Amino acid sequence: MSTLDKVLDDYSAKVFKNRKAHLIEIKDDTQEITANARTIPGIMTNRGCCYAGCKGVVLGPLKDVAIITHGPIGCGFYSWGTRRHKGKGDENTQNFLEYCFSTDMQESDIVFGGEKKLRQAIKEVVEIFNPKSVMICSTCPVGLIGDDIHAVAAESEKLYGIKVLAFSCEGYKGVSQSAGHHIANNGLIKNVIGTGNYVPKKYAINILGEYNIGGDGWEISRVLKKIGYDIVSVMTGDGSFEELRNAHVADLNVVQCHRSINYIGEMLKTKYGTSWIKVNFIGVKSTIKSLRNMAKFFGDPELIQRTEEVIVEEIEDIKDDMDYYKEKLMGRTAALFVGGSRSHHYQKLLKDLGMSVVLAGYEFAHRDDYEGREVLPSIKIDADSKNIEELKVEKDEKKFKVYLSEEQYEELKKEIPLDYYEGMMREMDKGSIVVDDLNHYETEEFLKLLKPDIFFSGIKDKFVAQKGGILSRQLHSYDYSGPYAGFKGAVNFAKDIAMGIYTPAWNYTIAPWKTEPTLEGTVGGEA
Ligand code: CFM
Ligand code: HCA
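If you're wondering where the values come from, they're calculated on a predicted model, not measured in any experiment.

Focus on the overall build of the protein chain
Of regular secondary structure, the protein chain possesses 21 helices and 14 strands. Against the 2.2 N^0.38 benchmark of 24 Å for 527 residues, the protein chain shows a C-alpha radius of gyration of 23 Å, consistent with a compact globule. Overall, the protein chain is about 65 × 65 × 45 Å in size when its C-alpha atoms are taken along their principal axes. By the burial criterion, 57% of the 527 residues in the protein chain qualify as buried. Total accessible area computed for the protein chain in this model is approximately 22,700 Å², and 53% of it derives from carbon and sulfur atoms.

This is the structure we're talking about:
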């Protein structure tokens, strides 16, 4: 009986029916998975909400924007500093990342309406902080009582003469965080991008879907700047409203997290002619491949040569460390379960270290993130499309520009992932398991069966694994370590994993109340 059959065998008939299409054992390149479905009530899910995707993920890292959470204080508190998107201010750029602005709605506001309180909050934030822009993100009760945050935003924009934007990203909207990404992306395209007048230098790029968690974006930018790229904006890690206004002038968009930002990539192409290329700066080999693909896009021999020089320099710096850790980690196995991109990206870095992947899954990715973008036309029903605007953008005749001729584009598309993502499943080994929206029951069952040396996930499930004696590292927050991206980040990652594996503290722990193991056969130093 296969591993997957064993787990499914244990399921009750009803849950099995709902979950069957979300679980796959990799056999070939043509398998279909069910994804982006609403969570079944009663199931313990790791997903976050729409507000988390809009405010927490995409808008949150814009450091010079004062983001007001319109809702009860719990929502603002939850999103205050939880995601590790680092940002630095300087003499020209304000930085409000340490703050948490909220209207702190009370019962009376729910009954009589919260618009008055919102107006007051905007007034206070403008008077005290003088931000470049104010963005309002609403949470569940606001949508239920119908406060018109868009009218308040328009009125405040006139009153204070700065951009005030409203996002109706109530937590219940759509499937999960991914709905919030979509809402945030739509708002930024409509109101921010295209309003600046920066004159780009040679090799002008935007980095899309890089949120500078644990400083990843800084490490990537360091290498790109060393090669000679002009980074016009980063969406949105250590990003700013001011930078974002200029994003339309870049020659190329590099897309790190496909799930959260592919909408902006596509819309920038339609509106301004900018191609996007899928990159992965997690892992040494994949960083090298991404840098080479970017250089190929620009096709300039000088840039191609400089790219190779930088690769040699960077490899020289990390080679001994990587060899050392590879020897220590060779042959170890891993399971990964994160939001929508990292479960794929980190497989490459694990491979660099000689490790293999037995299970991977996404919390809320869509079928294209699993199977590749060619499946997009066959996704008939998008569970988010009912209440999230499908923005149609048009060519901006004045600002539209293309870097490659049509022929060059078609030729290059055969070689590099231009406007394309191949998805996670094709790159996984036969026999490995893919699980969409893995729940806590399945986590325990799969850990028992597969016994990976390490389980990469998040705060909500890491302790389930650890209490069962299996090492866990958070791939969302990096357990307060990092950066893990690029060349130097790969060494940080390898060091953290080796430290964990060679210090199997959790494996020696037996809870005092315990006479029976939680995860069969993995307690008491037996894993
Ligand atoms: Fe993209 Fe992200 Fe991810 Fe994501 Fe997230 Fe995140 Fe994530 Mo947590 S944008 S999909 S919504 S790579 S916050 S930085 S770690 S779940 S895998
Ligand atoms: C979110 C943010 C999160 C949560 C991390 C976790 C992040 O979904 O609201 O569950 O450990 O990366 O901080 O994904």
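Moving on, there is more to tell.
Observations regarding unusual backbone geometry
Peptide bonds are mostly trans, and most non-glycine residues show a negative phi. M235 connects to T236 through a cis peptide bond whose omega is -5°. Relative to the helices and strands, T236 is located in strand β7 (residues 230-236). Cis geometry is found at the peptide bond from G482 to P483, where omega equals -5°. On the secondary structure map, P483 appears in the loop between β14 (471-474) and α20 (486-501). Its identity as a non-glycine residue notwithstanding, Y203 has a phi of 50°, on the positive side. If you trace the backbone, Y203 turns up in the loop between α9 (177-191) and β6 (204-210). By relative accessible area, Y203 is classed as buried at 9%.

Overview of the sheet that holds strand β4 (residues 133-138)
With parallel pairing, 4 strands are arranged side by side in an open sheet as β3-β2-β4-β5. Across the chains shown, the open sheet's two edge strands, defined by having one partner strand only, are β3 (101-102) and β5 (163-167). As judged from the 6 bridges shared by strand β2 (residues 65-70) and β4, these two strands associate in the parallel manner. Bridge pairing in β4 links I67 to M135.

Re the site of ligand 1
Among the 14 residues in the neighbourhood of ligand 1, the closest are listed as R83, H181, C257, G340 and H476. Taken together, the residues of the shell around ligand 1 break down into 6 nonpolar, 6 polar and 2 charged.

Side note on the nonpolar core
With 112 residues, the main nonpolar core has L59, M135, L224, Y229 and F493 as its most contacted residues. Top element by residues in this core is α20. It accounts for 8 residues. Excluding its chain neighbours within four sequence positions, the residues that come into contact with M135 are L59, L62, V65, A66, I67, I68, L165, F167, L188, V192 and F241. Membership of the second largest hydrophobic core comes to 19 residues, among which are F96, A121, V125 and V134.

Quick look at the site of ligand 2
The full set of residues close to ligand 2 is A52, Y78, R83, Q177, G458, I459, K460, Q474 and H476. Y78 has a polar side-chain atom sitting 2.8 Å from an oxygen atom of ligand 2. Considered on its own, ligand 2 offers 360 Å² of accessible surface; in the complex 86% of this is hidden by protein. Tallied by class, the residues present in the shell around ligand 2 amount to 3 nonpolar, 4 polar and 2 charged.

Quick look at the environment of G74
Looking at the secondary structure, you find G74 in helix α4 (residues 73-78). Sequence spacing of G74 and Q305 is 231 residues, and the spatial spacing of their C-alpha atoms is 52 Å.

Description of the pattern of salt bridges
Between side chains of opposite charge, pairing is possible as soon as their charged atoms come close. This structure, assessed with the given rule, holds 36 salt bridges. Across the pair R119 and E155 runs a salt bridge, and its minimum N-O distance is 2.6 Å. A residue pair is termed long-range when its members are at least 10 positions apart, and R119 in helix α6 (residues 115-129) and E155 in helix α8 (residues 149-160) qualify at 36 residues. Assessed through its relative accessible area of 37%, E155 is described here as partly exposed. Note that R332 is salt-bridged to D453, the shortest N-O span being 3.9 Å. Of this pair, R332 sits in the loop between α14 (301-329) and β10 (333-338) while D453 sits in the loop between α18 (440-450) and β13 (454-457); the two residues are 121 residues apart in sequence, bridging distant segments of the chain. You can call R332 partly exposed: its relative accessible area is 24%. On the basis of relative accessibility, which here comes to 28%, the residue D453 falls in the partly exposed class. Through salt bridges with shared partners, one network takes in E219, R222, K226, E313, E314, D317 and K488.

A word on a nonpolar patch on the surface
On the surface, a nonpolar cluster with roughly 430 Å² of combined accessible area is contributed by I459, F463, Y480 and W506. Secondary-structure assignment places F463 in helix α19 (residues 462-467).

Side note on the packing of aromatic side chains
If you walk through the whole model with that rule in mind, you get 20 aromatic pairs. Ring centres 5.1 Å apart and planes at 75° place the aromatic pair F101 and F129 in the edge-to-face group. One end of the pair, F101, is in strand β3; the other, F129, is in helix α6, with 28 residues separating them in the sequence. On the basis of relative accessible area, F101 is assigned to the buried category, the value being 12%.

A word on the packing of helix α13 (residues 284-298) against α20
Pairs of packed helices are described in terms of their axes, by the angle between the two and the distance that separates them. Closest axis-to-axis distance for the α13/α20 pair is 9 Å, and the angle between their directions is 170°. With respect to each other, α13 and α20 are oriented roughly antiparallel. Touching V284, T287, I288 and L291 of α13 are G486, F487 and A490, all from α20. Grouping the constituent residues of the contact of α13 with α20 by class yields 5 nonpolar, 2 polar and no charged.

The rules behind these values
Residues numbered from 1 in each chain as written. Chains lettered and ligands numbered in written order. Predicted model: local features only at pLDDT ≥ 70, side-chain atom pairs only at ≥ 80, totals over all residues. Heavy atoms only, no water. Helix = DSSP H or I, 4+ residues; strand = E, 2+ residues; numbered from the N terminus. Rg over C-alpha atoms; globule rule 2.2 N^0.38 Å. Buried < 20%, exposed > 50% of the residue type's maximum accessible area, 1.4 Å probe, protein only. Areas by Shrake-Rupley, 256 points an atom, 1.4 Å probe, with all protein chains shown as cover. Pairing = 2+ DSSP bridges. Near = heavy atom within 4 Å. Nonpolar A, V, L, I, M, F, W, Y, C, P; charged D, E, K, R; others polar. Core = buried A, V, L, I, M, F, W, Y, C linked by side-chain atoms within 4.5 Å. Contact = heavy atoms within 4.5 Å. Polar contact = N/O pair within 3.5 Å; in protein donor to acceptor, adjacent residues only side chain to side chain. Salt bridge = Lys/Arg side-chain N within 4 Å of Asp/Glu carboxyl O. Patch = residues over 30% accessible without salt bridge, like charges linked within 9 Å, V, L, I, M, F, W, Y side chains within 5 Å. Phe/Tyr/Trp six-rings, centres within 6.5 Å; stacked < 30°, edge-to-face > 60°. Axes fitted to C-alpha atoms, helices over the stretch in contact; angles between N-to-C directions. Parallel < 35°, antiparallel > 145°, perpendicular 65-115°, else oblique.

None of the figures reported here should be taken as evidence of function without further support.
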